[in-house]
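So you can see what is in the structure, the chains are spelled out below.
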Amino acid sequence: MSSENLRSVKVEKENGITWVMLNRPEKRNAMSPQLHLEMDTTLAELETDPETSVVVVTGAEGNFSAGQDLKTFFRELENDPAGRKRAAEAANRWRWERLYMYDKPTIAMVHGYCVGGAFMQLLATDFAIAAEDATFCLSEVNWGILPGALVSKALVDTILPRHALYYACLGVPFDGKEAARIGLVNYAVPKARLREETAALAQKLMAKSPAVLRATKQAIRSVRTMDFGQAYDYLAAKGQAIKVADKEDSYHTGIRQFLDEKSYKPTYEPFRLKGAGKADKTK
Ligand code: COA
């Protein structure tokens, strides 16, 4: 499947930012098997796309996603174990394996409804920004299933267990401001500014060295489950690896610009990255 034949996913590219939209607005962007297959292909293609520096995952026409499609993903696949396996594999691959360690920075932009299984992509992206009036809900408890795939696990990895228990066990909706308060998203903004604030974050990310940014996000994620000795070794090795991958030679350039040229302060801004905003073509 090529991204040119997409039915349930929409892709828009704009100055290095690629907006990937779940595109079933009439079903509040509930995720069908077809949508999962298309998202899996799309994200794989964008990971090596030279025009894409940052991926924003969102939903078309006002909603992030109403979760798994209860009709086409659950009920219609009940007696089709092979179809169910194919759909579940694609669903988990793009929502977790791909996004969690994606080579490029990823942002979830949440507006409207974000329900149930949509928490997977919310939690797997590196950053998340919500409209203040977005509606989040772990509805699973209300209809007799668990927050499955990896939702429960990713939830307690991201927010405090008390908040996770409260919202998973009660299944009550909460808004974007509350999502920011409990650390589920980075911040919430008025709906009218959501897209521009998301683009602003993407611009900041594109001003960094892509290789250093990639190593940093991978390191932050990877050390969570390591003990201190493992983390020392891992971070030392990762630090060496950056020097090979970082085409901008950020370390020496930054030191020179700060100490010799006195042209910037690293506390406040990235060093003058040549070609900032362009996609990483070095991988
Ligand atoms: N699966 C399948 N279809 C869904 C869906 C889902 N998760 N969420 C919404 N839809 C469908 C509705 O069945 C309806 O289809 P129809 O027009 O053919 O009847 C359409 O999308 C619009 O939904 P509707 O309920 O009329 O919209 P709303 O704006 O009043 O409410 C929600 C939106 C999200 C609050 C509501 O649809 C809902 O609670 N959905 C279930 C969400 C859920 O529990 N997801 C967890 C799955 S893991």
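Residues numbered from 1 in each chain as written. Predicted model: local features only at pLDDT ≥ 70, side-chain atom pairs only at ≥ 80, totals over all residues. Heavy atoms only, no water.

Caption draft 1: Spotlight on the site of the ligand. Around the ligand lies a shell of 13 residues, among which Lys27, Arg28, Ala66, Leu70 and Ser139 are the nearest. One nitrogen or oxygen atom from the main chain of Ala66 is found 2.8 Å from a nitrogen atom belonging to the ligand. Interatomic distance of 3.0 Å between a backbone N/O atom of Gln68 and a nitrogen atom of the ligand. Compared with its free state, where it exposes 860 Å², the ligand has 59% of that area covered by protein. When its residues are assigned to classes, the shell around the ligand shows six nonpolar, three polar and four charged. (Near = heavy atom within 4 Å. Polar contact = N/O pair within 3.5 Å; in protein donor to acceptor, adjacent residues only side chain to side chain. Areas by Shrake-Rupley, 256 points an atom, 1.4 Å probe, with all protein chains shown as cover. Nonpolar A, V, L, I, M, F, W, Y, C, P; charged D, E, K, R; others polar.)

Caption draft 2: Spotlight on the pairing of strand E3 (residues 54-59). Where burial is concerned, most of E3 is hidden: six out of the six residues are buried. Both faces of E3 are covered, namely the face carrying Val54, Val56 and Thr58 and the face carrying Val55, Val57 and Gly59. In this sheet, E3 lies alongside strand E2 (residues 17-22) in parallel orientation, the contact comprising six bridges. Looking at the pairing, Met21 lines up with Thr58 of E3. (Buried < 20%, exposed > 50% of the residue type's maximum accessible area, 1.4 Å probe, protein only. Helix = DSSP H or I, 4+ residues; strand = E, 2+ residues; numbered from the N terminus. Pairing = 2+ DSSP bridges.)

Caption draft 3: Spotlight on the sheet that holds E2. Pairing is mixed in the open sheet, where six strands are placed in the order E1-E2-E3-E4-E6-E9. Taken across any chain shown, the strands that pair with only one partner, and hence form the sheet edges, are strand E1 (9-14) and strand E9 (187-189). In this sheet, adjacent strand axes meet at a mean angle of 20 degrees when their direction is disregarded. (Axes fitted to C-alpha atoms, helices over the stretch in contact; angles between N-to-C directions.)

Read these as layout, nothing more, since geometry by itself doesn't imply function.
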